[in-house]
Amino acid sequence: MPLELYLDLHSQPCRSVLLFAKINKIPFEYKAVDLSTGEQYGEEFGKVSIIRKVPVLKDGSFILTESIAILQYLAAKHRTPDHWYPADLERRARVDEFLSWQHTNIRAHGSKVFWFRDVVPAVTGSQVPKEKMDAAVEELNASLKIFEDKFLQSRPFVIGDKICLADLVAIVEIMQPVGTGLDVFQGRPALSAWRDRVKKEIGVEIFDEAHKTIMNVNALAQTFESKGIPEFLKLKLQKMFN
Amino acid sequence: MALEMYLDLFSQPCRSVYIFAKKNNIPFDYKKISLFEGYQYSEEFGKINLLRKAPAIKDGDFCLAESVAIMMYLAEKFHTADHWYPADLQKRARVNEYLSWQHSAIRIHGSKMLWFKLLIPKALGTEVPKEKMDNAVEDFNTSLNLFEEKFLQDKAFIVGDQISLADLVAIVEIMQPVGAGMDVFEDRPKLKAWKDRVRAEIGAELFDEAHQGILHCQEAVKTMDPKVLEHFKPKILRYFLS
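Residues numbered from 1 in each chain as written. Chains lettered and ligands numbered in written order. Predicted model: local features only at pLDDT ≥ 70, side-chain atom pairs only at ≥ 80, totals over all residues. Heavy atoms only, no water.

1. Quick look at the overall build of chain B
The test is simple: Only runs of H or I of at least four residues qualify as helices and only runs of E of at least two qualify as strands under DSSP, and these elements are numbered from the N terminus. Radius of gyration means the value over C-alpha atoms here, while the globule rule gives 2.2 Å times the residue count to the 0.38 power. Exposure classes here rest on a 1.4 Å probe applied to the protein chains alone. A residue is buried below 20% of its type maximum, exposed above 50%, and partly exposed in between. What makes two residues a contact is simply this: any of their non-hydrogen atoms within 4.5 Å. Charge counting follows a simple rule: Lys and Arg are positive, Asp and Glu are negative, and His as well as the terminal groups are ignored. A charge is said to be at NZ when it belongs to Lys, at CZ for Arg, at CG for Asp and at CD for Glu.
Along the backbone of chain B there are twelve helices and four strands. In terms of overall size, chain B behaves like a compact globule, its C-alpha atoms giving a radius of gyration of 18 Å where 242 residues would be expected to give roughly 18 Å. Viewed in the frame of its principal axes, chain B has a C-alpha envelope of about 50 × 45 × 30 Å. Here chain B, with 242 residues, has 57% of them falling under the buried criterion. Counted over contacts in chain B with a minimum sequence separation of 6, partners at least 24 positions apart contribute 73%. Here chain B carries 32 positive and 35 negative side-chain charges, and the mean point of each set is 3 Å from the other.

Structural data, given as structure tokens:
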């Protein structure tokens, strides 16, 4: 039975998993999950994961959630080149350090900016109040500063000369607000240079293909117009702004 | 040169690192710090951890932040018993899965309980609006439900018969709201039984020692100098209540 990956490329962690599998030529069956219609809350998907999030990996009868765990699993199982997740104690610790930190920093703040700039207006038809938007962008900027000052510094990649899981996870998260038209690379030459290096290592074509959905995220408004707004989204937005 | 560990046991991730090191007889120089007093903003600590958070370790010249990364590093370096972070592909994936999920679930919602129920009203003298409180409690309960349904199920520990890093990280996070006076284990017999097993595996004495601070948090807040948290106030209120 082939490996199955349940993905929606609106989602940053789905992109890192897809890219990792593609770069390393890991054969898999692509199982599309449409988050914009609430497919993750359906009965079918519930049999795959009750956490109701993507990505999900299904390897035979083994089901695994959480992109970080999936990437670590694939790296070990398929014996991908060492630089992705080095065996060396200190180098690996550096990768783990970033993979841990990013959840509540770049990931959280990049996601929030994406929701505020794209999802909320698409669902409600109105803009997020300026004060909230400014605060969200400020937090994203603070995370990007930490990324540059602590994680990247003057190295070509996060842990040195070669790309690793940390760069892959970082780039997909940073691309999320970029998809909404907020060019975070502008005015950040070191970050832009790093992005270009990462894109080149991944392969520009497969990078662009994985990011096609998020770069066209303005289509979300049309999606909601034609398919309606799923209930879970209305509830989520209510909670976000109470 | 000895391993230095910079810890404040009010902090959940500091407790997991502390317990892990002590349980495994890993020798370390205990650098006790106070987050409430703002030590993390000192120039001295900035040299150890630019992220300005605890825990942080300094092993010779090697500085490392993020409790999950720290414990994986210690497990590997000191060759701790396999069950903590199993070499087996699927068992390790299960530990990684939990360690990833918990950042934005139990950790965030449990932390909020301490702030909302104790620190914000009692130490900062600000009332938390009812709707925000209700939502926060609901989020925390939802996390606990998922913990029981997906991660624990009917097993003795998260990965099976033996305790792992996942259980250790879970328990310290779940104990945080207990420090705020919340009886997390009421009406959750399965969770309570798991907690008792984890406490017994760690060793009741070590577990209780690590949790002494947080379990006396309510008293500590009564005698806390209000000026101590004053400089945090704007940041905390904006983070939690905006």
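Having put the structure on the table, let's press on.
2. Some remarks on the UniProt feature "domain: GST C-terminal" (unreviewed entry) in chain A
Rules: UniProt positions are given in the numbering used here, feature names are shortened, and annotations may be inferred rather than shown by experiment.
According to UniProt, the positions carrying the feature "domain: GST C-terminal" (unreviewed entry) are residues 88-224 of chain A. The span residues 88-224 of chain A carries 74% helix and 0% strand; its end-to-end C-alpha distance comes to 48 Å.

3. Brief notes about the packing of helix α4 (residues 89-101) of chain A against helix α7 (residues 165-179) of chain A
Residues and elements named next belong to chain A. Keep this limit in mind: Angular values range over 0 to 180 degrees, each being the angle between N-to-C directions of two axes fitted as lines to C-alpha atoms, with helices fitted over their stretch in contact. Just so you know how the angles are binned, under 35 degrees is roughly parallel, over 145 roughly antiparallel, 65 to 115 roughly perpendicular, and the rest oblique. Crossing handedness is defined as follows: a turn of the near helix away from the far one that is anticlockwise and smaller than a right angle gives a left-handed crossing, while the clockwise case is right-handed. The residue classification treats Ala, Val, Leu, Ile, Met, Phe, Trp, Tyr, Cys and Pro as nonpolar and Asp, Glu, Lys and Arg as charged. All others, Gly included, are polar.
The contact between α4 and α7 brings their axes to 9 Å, and the two run at 20 degrees. One way to sum up the angle between α4 and α7 is to call them roughly parallel. Of the two possible hands of crossing, α4 and α7 adopt the one that is left-handed. Residue-level contacts link Val95, Phe98 and Leu99 of α4 to Leu165, Ala166, Val169 and Ala170 of α7. A breakdown of the residues in the contact of α4 with α7 according to their chemical character gives seven nonpolar, no polar and no charged.

4. Quick notes on the sheet that holds strand β2 (residues 29-32) of chain B
All names here are of chain B. Selection criterion: At least two DSSP bridges between two strands are needed for those strands to be called paired.
Across the sheet, four strands lie side by side as β2-β1-β3-β4; this open sheet has mixed pairing. In the strand order of this sheet, the two ends are held by β2 and β4 (62-65), each with one partner. Recorded for the sheet is a direction-independent mean angle of 20 degrees between the axes of neighbouring strands. Here four bridges tie strand β3 (residues 56-59) to β4, and the two strands are oriented antiparallel to one another. Bridge pairing in β4 places lysine 58 opposite cysteine 63.

5. Here's the deal with unusual backbone geometry
Residue valine 54 of chain A is joined to proline 55 of chain A through a cis peptide bond whose omega torsion reads 5 degrees. If you trace the backbone, proline 55 of chain A turns up in the loop between α2 (43-48) and β3 (56-59). With omega at 5 degrees, the peptide bond leading from alanine 54 of chain B into proline 55 of chain B counts as cis. For arginine 52 of chain B, which is not glycine, the phi torsion reads 60 degrees and is therefore positive. For arginine 52 of chain B, the position within the fold is in the loop between α2 (43-48) and β3.

6. Description of the domain arrangement of chain B
All names here are of chain B. To keep it simple, the criterion reads: For the domains described, the bounds stem from an automatic or database domain assignment. Just to be clear on terms, a salt bridge is a Lys or Arg side-chain nitrogen sitting within 4 Å of an Asp or Glu carboxyl oxygen. Pairs of N or O atoms within 3.5 Å make up the polar contacts considered here, provided that, within protein, one atom can donate a hydrogen while the other can accept it, and that residues adjacent in sequence are counted only when both atoms are side-chain atoms.
When cut into domains, chain B gives domain 1 (3-80) and domain 2 (89-241). A separation of 19 Å is found between the C-alpha centroids of domain 1 and domain 2. Facing the 21 residues of domain 1 at the interface are 29 residues of domain 2. Counting every contact that joins domain 1 to domain 2 gives zero salt bridges. Scanning the region where domain 1 abuts domain 2 turns up eleven residue pairs in polar contact (both at pLDDT 80 or more). Within the residue set of the side of domain 1 that touches domain 2, elements represented by two or more residues are α1 (12-23) and α3 (67-77). Residue contributions to the side of domain 1 that touches domain 2 peak at nine residues, all from α1. When its residues are assigned to classes, the side of domain 1 that touches domain 2 shows twelve nonpolar, four polar and five charged.

7. Some points on helix α8 (residues 189-202) of chain A
A turn of α-helix holds 3.6 residues, and therefore any two residues three or four places apart point the same way. All names here are of chain A. Short version of the rule: What a helix is expected to span follows from its residue count: subtract one and scale by 1.5 Å. In this context, the arc is that of the directions from the helix axis out to the C-beta atoms.
Taking 1.5 Å per residue as the helical rise, α8 with its 14 residues ought to reach 20 Å, and the 20 Å between its terminal C-alpha atoms agrees with that figure. Every buried residue of α8 is accounted for by Leu191, Ser192, Trp194, Val198 and Ile202. Seen from one end, α8 has its buried residues packed into an arc of 160 degrees, which puts them on one side. Opposite the packed face of α8, turned more than 90 degrees from it, sit the exposed residues Pro189 and Lys200.

8. Describing a negative patch on the surface
Definition in use: Patch construction takes residues with relative accessible area above 30% that form no salt bridge. Like charges are linked within 9 Å, and nonpolar side chains (Val, Leu, Ile, Met, Phe, Trp, Tyr) are linked within 5 Å. Method for areas: the Shrake-Rupley scheme with a 1.4 Å probe, in which residue coverage is limited to the protein chains shown.
Taken together, the side chains of Asp82, Asp88 and Glu90 of chain A together with Asp61 of chain B make up a negatively charged region of the molecular surface. Position of aspartate 61 of chain B among the secondary structure elements: in the loop between β3 and β4.

9. Section: the nonpolar core
What counts, and what does not: Buried residues of nine kinds, namely Ala, Val, Leu, Ile, Met, Phe, Trp, Tyr and Cys, make up a nonpolar core once their side-chain atoms join them within 4.5 Å.
Tyr98, Phe147 and Trp194 of chain B are the most contacted members of the largest nonpolar core, which has 93 residues in total. Each of two domains, domain 1 (3-80) and domain 2 (89-241) of chain B, supplies a minimum of three residues to this core. With sequence-adjacent residues up to four places away left out, tyrosine 98 of chain B is seen in contact with Ile106, Phe147, Phe151, Ile158, Ala166, Val169 and Ala170 of chain B. Residues Leu18, Val33, Val54 and Val128 of chain A belong to the second largest nonpolar core, which totals 85 residues.

10. Describing the packing of aromatic side chains
Inclusion rule: What counts as a ring pair is set by centres within 6.5 Å for rings of Phe, Tyr and Trp (its six-membered ring), and what kind of pair is set by the plane angle: stacked under 30 degrees, edge-to-face over 60, tilted for all other angles. When the NZ atom of lysine or the CZ atom of arginine is within 6 Å of a ring's centre and also within 35 degrees of its normal, the charge is said to sit over that ring.
Under the criterion given, the structure shown has 26 aromatic pairs over all chains. Seen in terms of ring centroids, tryptophan 101 of chain B and phenylalanine 151 of chain B are 4.6 Å apart; in terms of plane orientation they differ by 40 degrees. Their pairing is tilted. Within this pair, whereas tryptophan 101 of chain B is found in helix α4 (residues 89-101), its partner phenylalanine 151 of chain B is found in helix α6 (residues 130-152), the two being separated by 50 residues in sequence. As far as the burial class goes, tryptophan 101 of chain B and phenylalanine 151 of chain B line up, both buried. Measuring from ring centre to ring centre gives 5.7 Å for phenylalanine 116 of chain B and phenylalanine 240 of chain B, while their planes differ by 75 degrees; the resulting arrangement is edge-to-face. In this pair, phenylalanine 116 of chain B is assigned in helix α5 (residues 106-123) and phenylalanine 240 of chain B in helix α12 (residues 233-241), connecting sequence segments 124 residues apart. Under the relative-accessibility criterion, phenylalanine 116 of chain B is labelled buried at 1%. Ring pairing ties together the aromatic residues Phe98, Trp101, Phe147, Phe151 and Trp194 of chain A, which thus form one cluster. The side chain of lysine 195 of chain B reaches across the aromatic face of phenylalanine 185 of chain B, ending 4.8 Å from its centre.

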